[in-house]
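Notes for the structure review
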Amino acid sequence: MGEPVSQTPPSESGGGFKRGMWSSRTGFILAAAGSAIGLGNIWKFPYIAGVNGGGAFVLIYLVAIVLVGYPIMLAELVIGRNTQASPVVAFGKLAGPESKWKMLGWLGVLTGFIILSYYSVVAGWALNYVLMSVCDFLSNKSPEQISSLFDKLYVAGDINLFWHTLFMLLTIGIVFGGVKKGIERWARILMPMLFLIMLILVARVVFLPGFVRGVSFVFAPNFDKLTAAGVLEAVGHAFFTLSLGMGAMLTYGSYLSKKTDLVKASAVVCSLDLIIALMSCLIIFPIVFSFGFEPDQGPGLVFKTIPVVLSQIAGGELLAILFFLLLAFAALTSSISLLEVVTSHFIDSFGWSRKKATLIPGLLILLFGIPSALAGGGGLFSSWESIVGKNFFDTVDYLATNWMLPLGGILIAIFIGWFAPLERIKDEFQTGSKFKHIFIVWLWAIRVIVPIVMVVVLLYKVRILDL
Ligand code: TRP
């Protein structure tokens, strides 16, 4: 189990590119969990749960993962493994080379491009916090002082730009060399370490006075605070956190062997992702309530809370360095999956070399991320917010998570449920699986439940439906 990956030879896909394969089921699980677990779990989930009142939001999110996320993850893996190709070519293979469904692949590539452009800015914040911890800038500060540091960073456009550039170059560097060898090996060591540090933090917050309040905020559903918009956000986030709706899992699935049980592997990836998201809340909210913070602080939440508790425990400095380093690393194993979709698209569809297909899109993403990096400081497009209603960063995040990923998700479900060759899908689903009988349940979930849920979500968004 789980040796580093061998670059085994080619698939039928275009470009003469030797398609890599995961070495083992564990190798795939690590890479897929690496893609899923990232800033979405540790940075975003707690803050959107906080903004939406906590428990009830968490509950809806759980339902969204089971009813929508899990079936779509399976669908993406089935398509990827069956076609052994990145999204555009994959839909072409299943629907015919002239088919309009290929546009769905293009939508995915575009979505990956957009998400990575601002994802990298957030990852840059984590890098900045690594440096702050190394420079011992977080210790001996009051909770208020610590939280004001983030507010300063948020508006410091030049500094954000610096970290954004560095993080994008790191991402490009790894995808450039082929994702699988390096990342899979590092993920094996670093992901468990992240988990361990989070366990230490959970153990510490248990003794805080606000622990019980924090836990009940996360687990006791209070439906008063939940709005319809919150429900939509929960569904959108289910896509984001599981890396669904744009072909990332599809692409990773294309490197999978026929021996892997897709039903089981997807369940494992979803569960790992969920555990990290819940742990993150379990750490953050007790800190919030113990030190008199508000739970609905928005994007700075994790950066404002975790250092507070770390500044108070023995060895906290070292833990802070490790925590933010591992957070940046979790972001990296996700960002490479975003870039990998774009890169493998240019390789498969246009026969570009891996180098060219990494560098050109990577640098364009770096450029496109600049207004996001400068969003807080009003540097570039300073009147954007007064014209669009959200700053540039929030705008692209909103568009990608609330529109593009759900749209991609519903179209994938409709395609696979109603238009793709059924026998072929069924075969692929059942190959290597002990849970063959689940197929029919999954099929109807994909045909009916997912589209209905998603159509309701989208109709509400365009105000046709008034909840
Ligand atoms: N899932 C990652 C996170 O939670 C982000 C991510 C990586 C992603 N690849 C993706 C989101 C593809 C959407 C689609 O941080």
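Look a little higher up for the structure.
Throughout what follows, the structure given in this document is the object of discussion. The shown structure was predicted, so the numbers you read here are calculated from the model rather than taken from an experiment.

Cut-offs applied
Residue indices begin from 1 for each chain and proceed along its sequence in written order. Confidence filtering applies because this is a predicted model: local features only for residues at pLDDT of at least 70, side-chain atom pairs given and counted only at 80 or more, and all residues used for totals across whole chains, interfaces and linings. The side-chain values count all of the structure's non-hydrogen atoms but skip hydrogen atoms and water molecules. Every helix listed is a DSSP run of H or I at least four residues long, and every strand listed is a run of E at least two residues long, numbered separately from the N terminus. Computation of the radius of gyration draws on C-alpha atoms alone. For the globule rule, the value is 2.2 Å times the number of residues to the power 0.38. When accessible area is computed with a 1.4 Å probe and restricted to protein chains, residues below 20% of their type maximum are described as buried, those above 50% as exposed, and intermediate ones as partly exposed. We call two residues in contact whenever any of their non-hydrogen atoms come within 4.5 Å of each other. Reported accessibility uses the Shrake-Rupley method at a 1.4 Å probe radius. Residues are deemed covered only where the shown protein chains occlude them. By the counting scheme adopted, Arg and Lys are positive, Glu and Asp are negative, and His together with the chain ends is not counted. In this description, the location of a charge corresponds to atom NZ of lysine, CZ of arginine, CG of aspartate or CD of glutamate. Only a single heavy atom is needed: when it lies within 4 Å of a molecule or strand, its residue is near that molecule or strand. Counting of polar contacts relies on pairs of N or O atoms within 3.5 Å, with two restrictions inside protein: one atom must be capable of donating a hydrogen and the other of accepting it, and residues adjacent in sequence are counted only when both atoms are side-chain atoms. Think of it as three bins: nonpolar holds Ala, Val, Leu, Ile, Met, Phe, Trp, Tyr, Cys and Pro, charged holds Asp, Glu, Lys and Arg, and polar takes everything else, Gly as well. Angular values range over 0 to 180 degrees, each being the angle between N-to-C directions of two axes fitted as lines to C-alpha atoms, with helices fitted over their stretch in contact. Oblique is the label for every angle not falling under 35 degrees (roughly parallel), over 145 degrees (roughly antiparallel), or within 65 to 115 degrees (roughly perpendicular). In this scheme the crossing of two helices becomes right-handed for a clockwise turn of the near helix relative to the far one and left-handed for an anticlockwise turn of less than a right angle. Side-chain atoms within 4.5 Å are what join buried Ala, Val, Leu, Ile, Met, Phe, Trp, Tyr and Cys residues into a set we call a nonpolar core. One speaks of a salt bridge when a side-chain nitrogen belonging to Lys or Arg is within 4 Å of a carboxyl oxygen belonging to Asp or Glu. Working rule for helices: expected span equals 1.5 Å times residues minus one. Consider a residue and the seven residues that end there alongside the seven that start there; fitting an axis to each set, the bend is the angle between those axes. Stacked, edge-to-face and tilted are the three classes for Phe, Tyr and Trp ring pairs, Trp counted by its six-membered ring, which pair at centre distances within 6.5 Å; planes under 30 degrees apart are stacked, over 60 edge-to-face, the rest tilted. Charges are assigned to positions over rings by a cutoff of 6 Å between ring centre and Lys NZ or Arg CZ, combined with an angular limit of 35 degrees from the ring normal.

Some points on the overall build of the protein
Assigned secondary structure in the protein consists of 20 helices and 0 strands. Against the compact-globule benchmark of 23 Å for 467 residues, the protein has a radius of gyration of 21 Å, which places it among compact chains. Along the three orthogonal principal directions, the C-alpha set of the protein runs to about 60 × 50 × 45 Å. A total of 467 residues make up the protein; the buried ones form 61% of that total. Within the protein, counting contacts between residues at least 6 apart in sequence, those at least 24 apart form 80% of the total. Summing over all exposed atoms, the protein offers an accessible surface of approximately 17500 Å²; the carbon and sulfur share of this is 69%. Within the protein, one finds 32 positive and 25 negative side-chain charges whose respective centroids are separated by 9 Å.

Quick look at the site of the ligand
Near the ligand lie 17 residues; those nearest to it are Ala36, Gly40, Tyr119, Phe240 and Ser243. In this structure, Tyr119 approaches the ligand through a side-chain N or O atom, which is 2.6 Å from an oxygen atom. With respect to the ligand, the side chain of Ser243 contributes an N or O atom lying 3.0 Å from a nitrogen atom. Within the complex, 100% of the 360 Å² of free accessible area of the ligand lies under protein. Breaking the shell around the ligand down by element, the ones donating at least two residues are helix H1 (25–36), helix H2 (39–51), helix H5 (102–134), helix H10 (228–241) and helix H14 (316–350). A per-class count over the shell around the ligand returns 9 nonpolar, 8 polar and no charged.

Points about the packing of H5 against H14
Where H5 meets H14, the closest approach of the two axes is 8 Å, and the angle between their N-to-C directions is 160 degrees. Here H5 lies roughly antiparallel to H14, going by the angle between them. H14 is crossed by H5, and the crossing has left-handed handedness. Tallied by class, residues from the contact of H5 with H14 come to 24 nonpolar, 5 polar and 1 charged.

A look at the side chain of Ser344
Counting through the fold element by element, Ser344 comes out in helix H14. Given the relative accessible area of 0%, Ser344 is considered buried. Discounting residues that sit within four places of it in the chain, Ser344 has contacts with Ser86, Thr251 and Tyr255.

Focus on the nonpolar core
Within the largest apolar cluster, 168 residues are counted, with the highest numbers of intra-cluster contacts made by Phe28, Trp43, Trp125, Tyr129, Phe303, Phe323 and Trp442. Beyond its immediate sequence surroundings of up to four residues, Trp442 is in contact with Pro71, Leu74, Ala75, Ile416, Ile425 and Phe429.

Quick word on the side chain of Thr401
Tracing the chain through its elements places Thr401 in helix H18 (residues 392–419). Side-chain polar atoms of Thr401 contact the side chain of Lys44, separated by 3.4 Å. At a separation of 2.4 Å, a polar atom in the side chain of Thr401 contacts the main-chain carbonyl oxygen of Asp397. Excluding anything up to four places from it in sequence, Thr401 contacts Lys44, Tyr118, Gly236, Phe240 and Pro406.

Considerations on the pattern of salt bridges
Evaluation of the coordinates by the stated rule reveals 5 salt bridges. The shortest N-O distance in the salt bridge between Glu428 and Arg81 comes to 2.6 Å. Separated by 347 residues along the polypeptide, Glu428 in helix H19 (residues 422–430) and Arg81 in helix H3 (residues 55–83) bring together distant segments of the chain. For the pair Glu428 and Arg81, one class covers both residues: buried. In this structure, Asp151 engages Lys304 in a salt bridge whose closest nitrogen and oxygen atoms are separated by 3.0 Å.

Observations concerning H2
Residues separated by three or four positions in an α-helix point in the same direction, a consequence of the helix having 3.6 residues per turn. The end-to-end C-alpha separation of H2 is 17 Å, in line with the 18 Å expected for 13 residues at 1.5 Å each. Bending of H2 peaks at approximately 35 degrees at the position of Phe45, with proline Pro46 no more than four residues after it. Burial analysis of H2 places 12 of its 13 residues in the buried class, the great majority of the element. Of the positions making up H2, those classed as buried are Leu39, Gly40, Asn41, Ile42, Trp43, Lys44, Phe45, Pro46, Tyr47, Ile48, Ala49 and Gly50. Backbone geometry just after H2 places Gly53 at a positive phi near 90 degrees.

Remarks on unusual backbone geometry
With a phi angle near 60 degrees, Asp136 is a residue other than glycine that sits in the positive phi range. Among the secondary structure elements, Asp136 is positioned in the loop between H5 and helix H6 (143–155). For Asp136, a relative accessible area of 35% puts it in the partly exposed group. A positive phi angle, near 60 degrees, is found at Ser243, a position not held by glycine. Within the fold, Ser243 resides in the loop between H10 and helix H11 (248–253).

Some remarks on the packing of helix H12 (residues 262–290) against helix H13 (residues 301–310)
Two elements in contact, H12 and H13, have axes whose closest approach is 9 Å; the angle formed by their N-to-C orientations is 75 degrees. Classified by the angle between their axes, H12 and H13 sit roughly perpendicular to one another. Taking contact as the criterion, the partners of Ile283, Ile284, Phe285, Ile287 and Val288 in H12 are, on H13, Leu301, Val302, Thr305, Ile306, Val308 and Val309. In terms of residue class, the contact of H12 with H13 is made up of 10 nonpolar, 1 polar and no charged.

Thoughts on the packing of aromatic side chains
Overall, the coordinates contain 35 aromatic pairs when judged by the stated rule. Ring geometry for Phe150 versus Tyr154: centroids 6.0 Å apart, planes at 35 degrees, classification tilted. Separated by 4 residues within a single helix, Phe150 and Tyr154 lie in helix H6, roughly one turn from each other. Each member of the aromatic cluster is reached from another via a ring pair, and the members are Trp43, Tyr47, Tyr118, Trp125, Tyr129, Phe150, Tyr154, Phe303, Phe323, Phe324 and Phe393. Over the ring of Phe137 we find Lys141; its NZ or CZ atom is 4.1 Å from the centre of that ring. Sitting over the ring of Trp444, Arg447 keeps its end group 4.9 Å from the ring centre.

The analysis is restricted to geometry; functional conclusions fall outside its scope.
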